Amino acid sequence: AAGVIQSPRHLIKEKRETATLKCYPIPRHDTVYWYQQGPGQDPQFLISFYEKMQSDKGSIPDRFSAQQFSDYHSELNMSSLELGDSALYFCASSLVGRIGPNTGELFFGEGSRLTVL
Amino acid sequence: KNEVEQSPQNLTAQEGEFITINCSYSVGISALHWLQQHPGGGIVSLFMLSSGKKKHGRLIATINIQEKHSSLHITASHPRDSAVYICAAQRGSEKLVFGKGTKLTVNP
């Protein structure tokens, strides 16, 4: 069965560069969540989208932006990268807006590991 | 006080032992998730619970809504079970609130 796909899996950038992470949710899922997990830290919620509209916002820096596209995939754009942005970025998807099997169940991607040098 | 508390923080067991990890939460939830994360790896969803008990292989998860408490049990533990186990509370379609995780090491 298709899972949540994230790309790239690993990314190395220099300070002040820009990075874009992509998340492809489970087919027919309408909600995407982005989390950031620093080394030895708990995952921190960044932002979520429901039906291509931002639904909730967490501790996402102003240097970061995200959107969900018409095909429901989402992209997290990070600019002016800092050393502290080095982390594992997780995407999770869920079916929220329609009743069906597994409604509300979250599925996680493998994560994209960003290293800022 | 964290909204989601896990115990213990660290757990070392011998292969074959029965393991229990506990999770208490202080908020009203629509679902409670148990997640597994191997070192440097992604997060795998083990269970999503809203009531009762679920079993998958050697893993069992229970939840008591009245007591706001959930447990994850591993029977006949194996070294490959070594990972961080995370409890996370979900309210409706809102983001998850994560516990601090329990680092499990199972020695051969």
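The coordinates are above.
Residues numbered from 1 in each chain as written. Chains lettered and ligands numbered in written order. Predicted model: local features only at pLDDT ≥ 70, side-chain atom pairs only at ≥ 80, totals over all residues. Heavy atoms only, no water.

**Points about the nonpolar core**
For soluble globular proteins, nonpolar side chains are generally found buried alongside one another. The biggest cluster of nonpolar side chains holds 24 residues, and the ones touching the most others in it are Leu32, Trp34, Leu72 and Tyr85 of chain B. Looking at this core, the elements that each hand over two or more residues are strand 3 (19–25), strand 4 (31–37), strand 5 (43–49), strand 7 (59–64), strand 8 (69–74), strand 9 (83–90) and strand 11 (102–107) of chain B. Core analysis: the second largest hydrophobic core is formed by 22 residues, Ala19, Ile26, Ile60 and Val116 of chain A among them. (Core = buried A, V, L, I, M, F, W, Y, C linked by side-chain atoms within 4.5 Å. Buried < 20%, exposed > 50% of the residue type's maximum accessible area, 1.4 Å probe, protein only. Helix = DSSP H or I, 4+ residues; strand = E, 2+ residues; numbered from the N terminus.)

**Description of the side chain of Asp42 of chain A**
Note that Asp42 of chain A resides in the loop between strand 4 (31–37) and strand 5 (44–50). Polar contacts involving the side chain of Asp42 of chain A include one to the side chain of Lys100 of chain B, which spans 2.9 Å. With sequence-adjacent residues up to four places away left out, Asp42 of chain A is seen in contact with Gln36 and Gln37 of chain A together with Gly99 and Lys100 of chain B. (Polar contact = N/O pair within 3.5 Å; in protein donor to acceptor, adjacent residues only side chain to side chain. Contact = heavy atoms within 4.5 Å.)

**Re the interface of chain A and chain B**
Opposite the 18 residues of chain A that make contact, chain B presents 17 residues. Of all residues in chain A, Asp42, Leu106 and Phe108 of chain A give up the largest surface area on contact with chain B, accounting jointly for 32% of the area buried on that side. The interface formed by chain A and chain B contains 1 salt bridge. Between the two partners, chain A and chain B, sit 3 residue pairs in polar contact (both at pLDDT 80 or more). Elements with a contribution of two residues or more to the side of chain A that touches chain B: strand 4 and strand 9 (87–94) of chain A. Counting residues per element, the side of chain A that touches chain B draws most heavily on strand 4 of chain A, at 3 residues. (Buried area = accessible area lost by both parts, 1.4 Å probe. Salt bridge = Lys/Arg side-chain N within 4 Å of Asp/Glu carboxyl O.)

**Some points on the state of the cysteines**
Residue and element names in this part refer to chain B. Within this structure, the stated rule accounts for 2 disulfides over all chains. Paired through a disulfide, Cys23 and Cys87 show a sulfur-sulfur distance of 1.8 Å. Taking the sign of the S-S torsion, about -55° here, the bridge from Cys23 to Cys87 comes out left-handed. Separated by 64 residues along the polypeptide, Cys23 in strand 3 and Cys87 in strand 9 bring together distant segments of the chain. (Disulfide = S-S within 2.5 Å.)

**Remarks on the sheet that holds strand 6 (residues 52–56) of chain B**
All names here are of chain B. Pairing within the open sheet is antiparallel, and its 5 strands lie in the order 1-3-8-7-6. The outermost strands of the open sheet, each flanked by one partner alone, are strand 1 (4–7) and strand 6. Geometrically, the sheet is characterised by an average inter-axis angle of 15° between neighbouring strands, direction not taken into account. By the bridge criterion, 6 bridges tie strand 3 to strand 8 in an arrangement that is antiparallel. By the bridge assignment, Ile19 is partnered in strand 8 with Ile74. (Pairing = 2+ DSSP bridges. Axes fitted to C-alpha atoms, helices over the stretch in contact; angles between N-to-C directions.)

**Regarding the pairing of strand 9 of chain B**
Residue and element names in this part refer to chain B. Counting buried residues in strand 9 gives 7 out of 8 residues, a clear majority hidden from the surface. Here strand 4 pairs with strand 9 via 7 bridges, running antiparallel. Paired with Gln37 across the two strands is Val84, which belongs to strand 9. Pairing geometry for strand 9 and strand 11, over 3 bridges, is antiparallel. The residue of strand 11 that forms the bridge with Ala83 is Leu104. Pairing analysis gives 3 bridges linking strand 9 to strand 10 (residues 96–98), with the strands arranged antiparallel. Its bridge partner being in strand 10, Ala89 is matched across the sheet by Val97.

**Things to note about the pattern of salt bridges**
Tallied over the entire structure, the rule returns 6 salt bridges over all chains. A salt bridge links Asp81 of chain B to Arg58 of chain B; the shortest N-O distance between them is 2.8 Å. On the criterion of sequence distance, the pair formed by Asp81 of chain B in the loop between strand 8 and strand 9 and Arg58 of chain B in the loop between strand 6 and strand 7 is long-range, its members being 23 residues apart. Looking at Arg58 of chain B, the relative accessible area reads 27%, which means it is partly exposed. Connected via shared salt-bridge partners are Arg63, Glu82 and Asp85 of chain A.

Remember, this is a structural readout, not a statement about activity or role.
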